[in-house]
Amino acid sequence: PTERSLVLIKPDAVRRGLLGEILSRFEGKGLVIEALELRTMDGSLADAHYAEHVDKAFYPPLKDFMTSGPLAALILSGDSVIEVVRAMIGATDGRKAAAGTIRGDLALSNRENLVHASDSPESAERELALWFPKF
Ligand code: CMP
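Throughout what follows, the structure given in this document is the object of discussion.

The rules behind each value
- Residues numbered from 1 in each chain as written.
- Predicted model: local features only at pLDDT ≥ 70, side-chain atom pairs only at ≥ 80, totals over all residues.
- Heavy atoms only, no water.
- Buried < 20%, exposed > 50% of the residue type's maximum accessible area, 1.4 Å probe, protein only.
- Helix = DSSP H or I, 4+ residues; strand = E, 2+ residues; numbered from the N terminus.
- Arc of directions from axis to C-beta.
- Contact = heavy atoms within 4.5 Å.
- Near = heavy atom within 4 Å.
- Polar contact = N/O pair within 3.5 Å; in protein donor to acceptor, adjacent residues only side chain to side chain.
- Areas by Shrake-Rupley, 256 points an atom, 1.4 Å probe, with all protein chains shown as cover.
- 1 Å grid on protein atoms, 1.4 Å probe; cavity = no way out; pocket = protein on both sides within 12 Å on 5 of 7 lines; lining within 4 Å.
- Sits in = over half its atoms within 2 Å of the grid points.
- Points joined across faces, edges and corners; volume = space filled by probe spheres on them.
- Nonpolar A, V, L, I, M, F, W, Y, C, P; charged D, E, K, R; others polar.
- Pairing = 2+ DSSP bridges.

## Structural notes on helix 5 (residues 81–89)
- If you check which residues of helix 5 are buried, you get Val81, Ile82, Val85, Met88 and Ile89. In a view along the axis of helix 5, the buried residues occupy a sector of 130°, so they form one face of it. When the buried face of helix 5 is taken as reference, the exposed residues oriented beyond 90 degrees from it are Glu83 and Ala87.
- Looking at the buried residues of helix 5, the elements they touch are strand 1 (2–9), helix 2 (19–29), strand 3 (71–79), helix 6 (102–106), strand 4 (115–117) and helix 7 (121–131).
- A positive backbone phi angle near 85° is found at Gly90, which sits one or two residues after helix 5.

If you want it as structure tokens, here you go:
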């Protein structure tokens, strides 16, 4: 079924000039970009977005990274888009992500891993409301 996912192309991707390449992969797959905004995350949005991670040891450096510069926030839609995008981005750790995935081809870090995507319909609903309340 057609669904929506909240996707963030993270500050490392913008700094490295990979925004176009990553958007191309999603467009090439046939997914539809319903919204696209360059934004710099502030601390309170980071805490809300990553509510399930705020108490973890990796969170403080993750927050510093995610608020370090502009990122691209997208609404992507398409058939099974949540699962499809997760498969396209690959495992969290770029060193372990399969070749052919965005992280597998372009990332070498567990933190600076280029892309975030909603991992379930429930998280998509929550994250879309947080980032694009008018949708
Ligand atoms: P993301 O899909 O945005 O969801 C949580 C993020 O936390 C993840 O991508 C990584 O950027 C980061 N992350 C998850 N696990 C670790 C870890 N063990 N060490 C550092 N960063 C992590």
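Moving on from the model shown.
## Digging into the site of the ligand
- Around the ligand, the neighbouring residues are Lys10, Tyr50, His53, Phe58, Leu62, Thr92, Arg103, Asn110, Arg111, Asn113 and His116.
- Lys10 places a side-chain nitrogen or oxygen 2.8 Å from an oxygen atom of the ligand.
- Note that an oxygen atom of the ligand is positioned 3.1 Å from one of the side-chain N or O atoms of His116.
- Bound to the protein, the ligand loses 80% of the 460 Å² it would expose on its own.
- When each cavity is represented as a set of grid points, the ligand is found to reside in the largest pocket.

## Focus on the layout of surface pockets
- In this structure, the largest pocket encloses a volume near 490 Å³.
- As for the largest pocket, its lining consists of 21 residues, and the residues nearest its centre are Tyr50, His53, Phe58, Thr92 and Asn113.
- Going through the elements one at a time, strand 4 and helix 7 are the ones with two or more residues in the lining of the largest pocket.
- For the lining of the largest pocket, the class distribution of residues is six nonpolar, seven polar and eight charged.

## Quick look at the pairing of strand 3
- For strand 3, the buried fraction is high: eight of the nine residues fall into the buried class.
- Relative to strand 3, strand 1 runs antiparallel, the two being bridged by eight bridges. Residue pairing for strand 3: Leu6 is matched across the bridge by Ile75.
- The pairing of strand 2 (residues 32–39) with strand 3 spans seven bridges and is antiparallel. In the sheet register, Glu37 faces strand 3, and the bridge partner there is Ala73.

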